[in-house]
Amino acid sequence: MTEPRKPYLPFTRPTIDEETIQGVAEVLRSGWITSGPNVRKLEAALSEYFGGRPVRTQMHATASLEHALLVAGIRAGDEVITPAMSFVATANVIVRVGARPVFVDVGLDTRNMDFDQVEAAITPRTRALMPVHFAGLPVDMDRLYAIARRHRLRVIEDAAQAIGSAWRGRRIGSFGDLACFSFHPNKNLTTIEGGCVVGGSPEEVSRLELHRFHGQAKTAADQVDTLFAAGKANLSDVAARVGLGQLAALEQFNARRRELAARYYSLWAHDAPVRLPARGDEGHNCHMFAPLLPLERLSISRLQFIQQMEERGIGVGVHYASAIHLFTAYRALGYRDGQFPNAERIGRETVTLPLFPAMELSDVDRVVEATTDILRSAAK
Ligand SMILES: Cc1ncc(COP(=O)(O)O)c(C=O)c1O
């Protein structure tokens, strides 16, 4: 008798409970489905979560990051230092506001920006630093803000993956300059699509509101003025209601993610067939578990590994398949192969293995067994 086939295990899947689904149905029946009471409730709840700092939501973190740069006054001719390994949105928003992204390499295991290179990259045109808390592992916040203070730079934290992460016991977003979070379905908290900016002076917060809705401000009960020609990026109440349900479960989700990640590390404590990512501490929200494949010692490619995992019913992601500076849009700015070797190697070798709150510990066992088996058979 052959064993029954195990259900497909994706590399990630959102967990949305029945109470949230019912709540969304109520919003849909209420007659008010775009930005309204639920957006205000979500912003208030997030503000409380981030220690009382202001929070403004947008329809995705790409908008959050772009608006944060704009309200921080970043414009044409400015330079913004950012890592060469991230989701491309991090760099795209810098280009979109007219500034130049100045890349630095990342740690091979932390995937976070190398602060020695950051210091070396500062020029008279540098206006801001845009670090990424990659996979939810916080960057060294002490060093980041020491550099920013010394050189009078703004910081726009790309905290897209870092909700619930903490540095020395303080939540990312609860201190510092501007921090942007994503609520995309892959993230630890989802609103389907969504994002937010945390922080900012009262003036910057009101500019965030203008940027997400046509640059319009109310001047009287029946009057508006358009102060500048902005676009539109407001979150819907349907999305916000999903976020409220998610926020209530966030600590539980993150605790579960940490347990699952701990299982990977303990099963691969010896003779791991992959290069493990930096483990972090209890301040890691374990957004992703992304080891590197030892491709030089394998007779198969990354794609073949992914296909063999798929044949065993296990999904594998790639975050991210290329360092940003190697994309056509960034080569056009003068960037070349070989400039950021760690970012480039991560791009070639990284695989994201399943990690999401609804998984069982036995699912981790299954992934570890399949990965180990495939890689041992493919060893040169
Ligand atoms: C590091 C990073 N920055 C920015 C973004 C953009 O977020 P969104 O998809 O919400 O626009 C993401 C989302 O994948 C991300 O992972």
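Coordinates for the structure precede this section.
Residues numbered from 1 in each chain as written. Predicted model: local features only at pLDDT ≥ 70, side-chain atom pairs only at ≥ 80, totals over all residues. Heavy atoms only, no water.

A.B. asks: Help me out: how do you make sense of the environment of Ala146 in this one?
C.D. replies: Its place among the elements puts Ala146 in helix 6 (residues 141-151). Classification of Ala146 by relative accessible area gives partly exposed; the value is 27%. Expressed as a C-alpha distance, the spacing of Ala146 and Glu193, which sit 47 residues apart in the sequence, is 33 Å. (Helix = DSSP H or I, 4+ residues; strand = E, 2+ residues; numbered from the N terminus. Buried < 20%, exposed > 50% of the residue type's maximum accessible area, 1.4 Å probe, protein only.)

A.B. asks: So what exactly am I meant to see when it comes to the sheet that holds strand 8 (residues 178-182) here?
C.D. replies: The strands making up a sheet associate through hydrogen bonds between their backbones, and the pairing can be parallel or antiparallel. A sheet is described by the order of its strands in space; here seven strands give the open sequence 1-9-8-5-4-2-3, paired in mixed fashion. With one partner strand each, in any of the chains shown, strand 1 (55-58) and strand 3 (100-104) form the two edges of the open sheet. Mean inter-strand twist for the sheet, computed between neighbouring axes without regard to direction, equals 25 degrees. Sheet contacts for helix 3 (residues 61-71): strand 1, strand 2 (79-83), strand 5 (154-158), strand 8 and strand 9 (195-198); angle to strand 8, the most-contacted strand, approximately 165 degrees. (Pairing = 2+ DSSP bridges. Axes fitted to C-alpha atoms, helices over the stretch in contact; angles between N-to-C directions. Contact = heavy atoms within 4.5 Å.)

A.B. asks: Where do I start with the packing of aromatic side chains in this structure?
C.D. replies: The description of an aromatic ring pair rests on the distance of the ring centres and on the angle between the ring planes. Within the structure shown, the criterion is met by 11 aromatic pairs. Within the aromatic cluster, the residues linked to one another by ring pairs are Phe103, Tyr330, Tyr335 and Phe340. Looking at Arg171, its charged tip hangs above the ring of Tyr49, at a distance of 3.7 Å from the centre. (Phe/Tyr/Trp six-rings, centres within 6.5 Å; stacked < 30°, edge-to-face > 60°. Lys NZ or Arg CZ within 6 Å of the ring centre and 35° of its normal.)

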